[in-house]
Amino acid sequence: MNYPDCRLNLGTLRGVSSVVGPRGGGASPGDRKSKNKSTRGKKKSIFENYMSKEDVSEGLKRGTLIQGVLRINPKKFHEAFIPSLDGDRDIFIDGIVARNRALNGDVVVVKLLPEEQWKVIKPGSSDKETEGTYESDLPEELCGSHLLQQSLKGHNDSPDVIIEAQFDDSNSENGHGNTQNVLVDGVKKLSVCVHEKGKEDAGVPVTKDKSTTMAQDMSALPEKSLQRSAKVVYIVEKKHSRAAAGFLKLLADKNSELFRKYALFSPSDHRVPRIYVPLKDCPQDFSSRPKDYANTLFICRIVDWKEDSNFALGQLAKSLGQAGDIEPETEGILTEHGVDFSDFSSEVLECLPQGSPWTIPPEEFSKRRDLRKDCIFTIDPSTARDLDDALSCKPLTDGDIYEVGVHIADVSYFVPEGSELDQVAAQRATSVYLVQKVVPMLPRALCEELCSLNPMTDKLTFSVIWMLTSEGKILSEWFGRTIIRSCTKLSYEHAQSMIESPTKMIPEQELPPISPEHTSEEVHQAVLNLHRIAKELRKQRFLDGALRLDQLKLAFTLDHETGLPQGCHIYEYRDSNKLVEEFMLLANMAVAHKIYRTFPERALLRRHPPPQTKMLNDLVEFCDQMGLPMDFTSSGALNKSLTEIFGDDKYSLARKEVLTSMCSRPMQMALYFCSGMLQDPEQFRHYALNVPLYTHFTSPIRRFPDIVVHRLLAAALGYREVPDVEPSALQKQADHCNDRRMASKRVHELSTHLFFAVLVKESGPLESEAMVLGVLNQAFDVLVLRYGVHKRIYCNALPLRSHHFQRVGKKPVLTLVWDPEDLEQEPVQQVVTIFSLVEVVLRAEAAALKYSAILKRPGTENLLGLQDKECDSDHDHEKED
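Here the structure is a predicted model, which is why all the values come from computation and not from measurement.

Conventions we followed
- Residues numbered from 1 in each chain as written.
- Predicted model: local features only at pLDDT ≥ 70, side-chain atom pairs only at ≥ 80, totals over all residues.
- Heavy atoms only, no water.
- Helix = DSSP H or I, 4+ residues; strand = E, 2+ residues; numbered from the N terminus.
- Buried < 20%, exposed > 50% of the residue type's maximum accessible area, 1.4 Å probe, protein only.
- pLDDT = per-residue confidence, 0-100.
- Contact = heavy atoms within 4.5 Å.
- Axes fitted to C-alpha atoms, helices over the stretch in contact; angles between N-to-C directions.
- Parallel < 35°, antiparallel > 145°, perpendicular 65-115°, else oblique.
- Left-handed = near helix turned anticlockwise from the far one by under 90°.
- Nonpolar A, V, L, I, M, F, W, Y, C, P; charged D, E, K, R; others polar.
- Core = buried A, V, L, I, M, F, W, Y, C linked by side-chain atoms within 4.5 Å.
- Pairing = 2+ DSSP bridges.
- Salt bridge = Lys/Arg side-chain N within 4 Å of Asp/Glu carboxyl O.
- Phe/Tyr/Trp six-rings, centres within 6.5 Å; stacked < 30°, edge-to-face > 60°.
- Lys NZ or Arg CZ within 6 Å of the ring centre and 35° of its normal.

Moving on: the environment of Thr557. Along the chain, Thr557 turns up in strand 25 (residues 554-558). Spatially, the C-alpha atom of Thr557 lies 5.3 Å from that of Gly567, the residues being ten residues apart in sequence.

In C-alpha cells form, the structure reads like this:
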C-alpha cells in the first residue's frame, strides 16, 4: 500500500507553529462542541476544558497563572516541568492528566495546585529529580562545542544520553546542557516509573501517590521541602510538531467497536501519547498479519485529542522502513522535529540566477571594494562544501601592524527580500546537520556554488577589515561590500600543520592547489600571523571574563559504500579551530555594535542570560560538599576555576570533563532578539562571552538571522534602504529562529546517538574508562570518557553478592560486593563515589538502537578480549563563530 509522502501531507509539520493563543484560535479540548453540550449520556472527561483566552489573559496579569515552555522528562515521561519565573526550582506537573494534552516544547499556561498537592522533596536532598530535563540548550559561543545530551526515542528503560561538543558557530557562546543525575538523588516520588525489566526506577526511594498527596500536615514541612506543582489550563502555542515515529499495534480488546475501526500507534518517544489511527490508513493486510509490521517504522501525526480520551486521534502519514536502519530512523527524526527536508519548489529555484556559469555583473565592481589580488583563503573542515567565510592578513609597512579581514559570502545579494526564496529560507531558518548529510537552508546551487567562497573564482562578499597590532589591539575598523578571489581552500588540518611547523614549509603535494598569483609561503605566513594575533585576542577575551565550557564531541568515520559507521573518536579542538573562532567572534561583535548604533530599535542581536539561580546554587552546594574550590560569581570566575583547579594528569582531566558537564546544566539558551523589544540594555548582555552586544553575521549560508543582519548592516552603510520592519515583527522572526535552531540541535544530537548506537551494534562491545558523576542508592551514572556518552549502570544488572548505599558526611557512597569468580576466593569489594574512575563495557541489546553499559569487575583485564576501536574522522560540519 502506498502512503502519501509525509513531506507533502503533514500540514503544519514543517516547523510551522500552530499559534492558538491570543493571536489565533483557542486550543479548545473537545473543541467548539465541548463548551455547551450537555454531559448527559456522555463519557466522563479525562481532561479539563481549557480556560478562555480572556480568563487566561486576566490570570496572567493578576499573577494567578504562569506561562512557560513545557519540558517532559524523557526518562520519566509522566513528569513535566515549566521554569519558575523567579529562577527558583522548576514548577512540577505530575502526569498526563495534569499536562492536559500539551506536548514537549509547547508554550503553556499553568495554574498552581493547592499546597497540599505539591511535590514533597525529602529534607536535605539535592534537586536532581526536581527539575525538568533540558535538551541541548548550551549556546555554542559558550562551549566551543555545544553540549548534546539527549535520550534516544525514550523506551521504557532509561534512555541513553549523549554528550557532544558541537563546535557550531560561536564556540564561546553559552551553555545549558542537561547533565542528568549529576547530584545526589533523594526525592519522594509521586508515582512509580517501571522499566522493561519490571524494576522500579533505580536510585530513588519510591512511594505511592497516596503517601505524598493524601491530606498530611503539609504545614509542618519546611517550605524548602515542597516543590510547587501545577496543571496546564491553556496551550498558548503548539511548538511540538504533533508528528511522531513509531509502531502499529492491534488494539487489545478484540470485541470492542474500536477494534474494528482503529489501530494503535505507539510512538517511539514516550513523551508523545499513544494514538488511535483509522485502520483504513494502515496497510491492507495489517489486521490479518500484524506481526509482519512489528519492526516497521511509521510516521503519524496527531489531528485531534478529545477531553474524554486517553489517546489522541491521528493520521498515518508514511511507512518509513525497518526500525534500526539509519535512513528510516533519520527521516523519523527529521519529521518529528518539523524539519523541512523536501526538495525546493520550482518557484524557489526560479529566484536563482538562470544560466550557467553565473558571473558577477559589471556594475557590482563599481559598488564594491576589489580585493581579488589579496591573499585570501578559507579554513574549513575537509569535507565542507558551503564555505561562507574567508580570512586575510596583510602586514603593513610598520612590521607590527596588520590589515586583517573577515570576508563573508554576500548571501543577501542572491536572496531578494520578500521573494519565494526568502520566505522558504526564513521558514527553515537554519541548515540542519546530520552525521551523514546536511538538510540545507538554501538550494544547493547557492550553498555550494553561487555563494560558497570556492577557491580561484570571483565571489561577492561582505567584509570587516581591521588594522590590528600583533597584540590584537584594534586601530581602525572598516565594513563594506567587497569582491574576493580565494587563493586556496585550507582544511583545519592544513592550517594546524602550518601552525605546528612555523619554520618548515609544508610540501606542496600535502597542500591543496594554490592560485599562481600567490605562494604556499605567503599563505603559510598569513596563517602564522593570524594565529599569533588570535592567541592575543583569545588571552584578552578570557582576561575580560569570557567563559568556555569545552564539551566532548563525537566524530564518526563512515563506510563509503554502506554509510554505516566504521568507528568514532572524540573530536580534537585545536589551534586552527581557535584561530578561526577568534576572528568570527570579533566580526560578530563588531557588526553587533554597528547595527545597534544605527538602528537601536531594530537591531537583530543575540543575548545569553546568566545561569538559572536555583540550579547554580545547587551546583555551588555540590562543589562545597565535594571540596572543590569553585567560584561561580561570574562567567570569568567560573572559567578561571575550571582552568586552574585541575592538573594535567589523566584523572584530573577526567574530573574536569565531569565538572564541566555539570557546570553546563544551569546555563540558559542564547537567544536571538530585537533590540527594540527589551527595555533594559543589561538584558542584551552575553553571559558566556561577557560582552554587552553580540550577533550572528558570519554564517549566512546556513543561518537566516545572519541574512537579516547582513541587510541591516547594508542599510547602516547606505547600500540599501532602511528595512521596513516593526520591532514586533522582527522579534517574531527571532523567536522562530530560536525554535528552529533548538530543533536543529536536537536533530543533530539524535543523529549522533543513532550512529553511535549502530556502531555499538555493529562493532561492539566497546570498552572504555568512565568517571562516576552521580551516585544513587541502586545505580550510578558515568561519563564514558572515550566516547563522551552518559550511561546509568544498575546494580541489579551486575553479578554482585550485595550492594550498600550510605552517605559519608554529605557524599554518597555505593559499596559493591562482587561474587568471586572462583569459589575459593573472597568476594571483591568496590567503593563507588563521585569522581571514581571505573572500567565499563558498552554492548548492544536485543531491541533496535539500544545499548547498555556494564561495569567491569575490578582487576579484570580486557574483559572481552577486545581491541581498541578508534579511527580517524574528518566529518566535522560546522565552524565556530
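This part takes up the environment of Tyr694. As for its position among the elements, Tyr694 is in the loop between strand 28 (671-674) and helix 17 (704-716). The exposure class assigned to Tyr694 is buried, which follows from its relative accessible area of 0%. Taking the C-alpha atoms as reference, Tyr694 lies 9.5 Å from Leu586; in sequence the two are 108 residues apart.

Taken residue by residue, the protein gives an average pLDDT of 83. The fraction at 70 or more is 81%. Note that pLDDT drops below 50 for residues 124-129; the model gives that stretch 25 contacts with residues more than four away or on any other chain.

The residue Ser319 is located in strand 15 (residues 312-322) in this model. Along the sequence, Ser319 and Gly246 sit 73 residues apart, while their C-alpha atoms lie 9.8 Å from each other.

Glancing now at helix 6 (residues 326-336). Most of helix 6 is tucked away: ten of the eleven residues are buried. Residues of helix 6 that are buried include every one of Ile326, Pro328, Glu329, Thr330, Glu331, Gly332, Ile333, Leu334, Thr335 and Glu336, and no others. Note on helix 6: the residue one or two positions beyond its end, Gly338, has a positive phi of about 70°.

Quick look at the packing of helix 6 against helix 18 (residues 727-763) now. Each pair of packed helices gets described by two things: the angle between the helix axes and the distance between those axes. As a packed pair, helix 6 and helix 18 sit with axes 10 Å apart at the nearest point and diverge in direction by 160°. The orientation of helix 6 relative to helix 18 falls into the category roughly antiparallel. The handedness of the crossing between helix 6 and helix 18 is right-handed. Between helix 6 and helix 18, the residues in contact are Ile326, Glu329, Thr330, Ile333 and Leu334 and Val747, Leu750, Ser751, Leu754, Phe755 and Val758, respectively. Per-class residue counts for the contact of helix 6 with helix 18 are eight nonpolar, two polar and one charged.

In this section: the nonpolar core. A general tendency of soluble globular proteins is for nonpolar side chains to be buried together. Core analysis: the biggest nonpolar cluster contains 93 residues, and Phe377 and Phe583 have the highest contact counts within it. Broken down by element, the residue count for this core peaks at ten residues, all from helix 13 (residues 575-598). When neighbours within four sequence positions are excluded, Phe583 is seen to be in contact with Leu391, Val404, Val406, Trp466, Leu468, Leu530, Ile533, Ala534 and Leu537. Grouped together as the second largest cluster of nonpolar side chains are 74 residues, Val432, Met626, Cys663 and Val782 included.

Contact geometry of helix 11 (residues 492-500) with helix 13 gives a least axis separation of 8 Å together with a crossing angle of 105°. If you check the angle between helix 11 and helix 13, you find them roughly perpendicular. Two secondary-structure elements touch here, helix 11 through Tyr492, Ala495, Gln496 and Ile499 and helix 13 through Asp575, Ser576, Asn577, Leu579 and Val580. Grouping the constituent residues of the contact of helix 11 with helix 13 by class yields five nonpolar, three polar and one charged.

Okay, the sheet that holds strand 33 (residues 811-818) next. One open sheet holds the three strands; their spatial order is 32-33-34, and the pairing between them is antiparallel. The open sheet has two free edges, formed respectively by strand 32 (800-808) and strand 34 (828-833), since each of these has just one partner strand. In this sheet, neighbouring strand axes are inclined to one another by 20° on average, regardless of whether the strands run parallel or antiparallel. In this sheet, strand 34 lies alongside strand 33 in antiparallel orientation, the contact comprising six bridges. Bridge pairing in strand 34 places Val813 opposite Thr833.

With that settled, consider the pattern of salt bridges. Applying the stated criterion across every chain, the model contains 43 salt bridges. Put simply, Glu364 and Lys367 hold a salt bridge, and the shortest N to O gap is 3.9 Å. With a gap of three residues between them, Glu364 and Lys367 both fall in helix 8 (residues 362-367), about one helical turn apart. What emerges from the salt-bridge pattern is a single network uniting Arg538, Arg541, Arg548, Asp550, Glu581 and Glu582.

In this structure, strand 11 (residues 243-249) lies alongside strand 14 (residues 296-304), joined through four bridges in antiparallel fashion. If you follow Gly246 over to strand 14, its bridge partner there is Phe298. Bridge analysis of strand 14 against strand 15 gives eight bridges, and the strand direction is antiparallel. Each residue of the ladder has a partner; that of Leu297, found in strand 15, is Gly321.

Evaluation of the coordinates by the stated rule reveals 16 aromatic pairs. Relative to Phe755, the ring of Phe556 has its centre 6.0 Å away and its plane inclined at 55°; by these criteria the two rings are tilted. In this pair, Phe556 is assigned in strand 25 and Phe755 in helix 18, connecting sequence segments 199 residues apart. With 5.3 Å between their ring centres and 50° between their planes, Phe756 and Tyr787 make a pair best called tilted. Residue Phe756 is located in helix 18, and its partner Tyr787 is located in the loop between strand 30 (779-784) and strand 31 (789-794); the two are separated by 31 residues in the primary sequence. Overall, the relative accessible area of 1% leaves Tyr787 in the buried class. Grouped by ring-pair contacts, the aromatic residues Tyr262, Tyr276 and Phe311 constitute a single cluster. In this structure, Arg428 packs its charged tip against the face of Phe344, placed 4.1 Å from the ring centre.

With respect to the helices and strands, the residue Gln496 is situated in helix 11. The buried category is assigned to Gln496, whose relative accessible area is 4%. Filtering out sequence-adjacent residues up to four positions away, Gln496 remains in contact with Arg574, Asp575 and Ser576.

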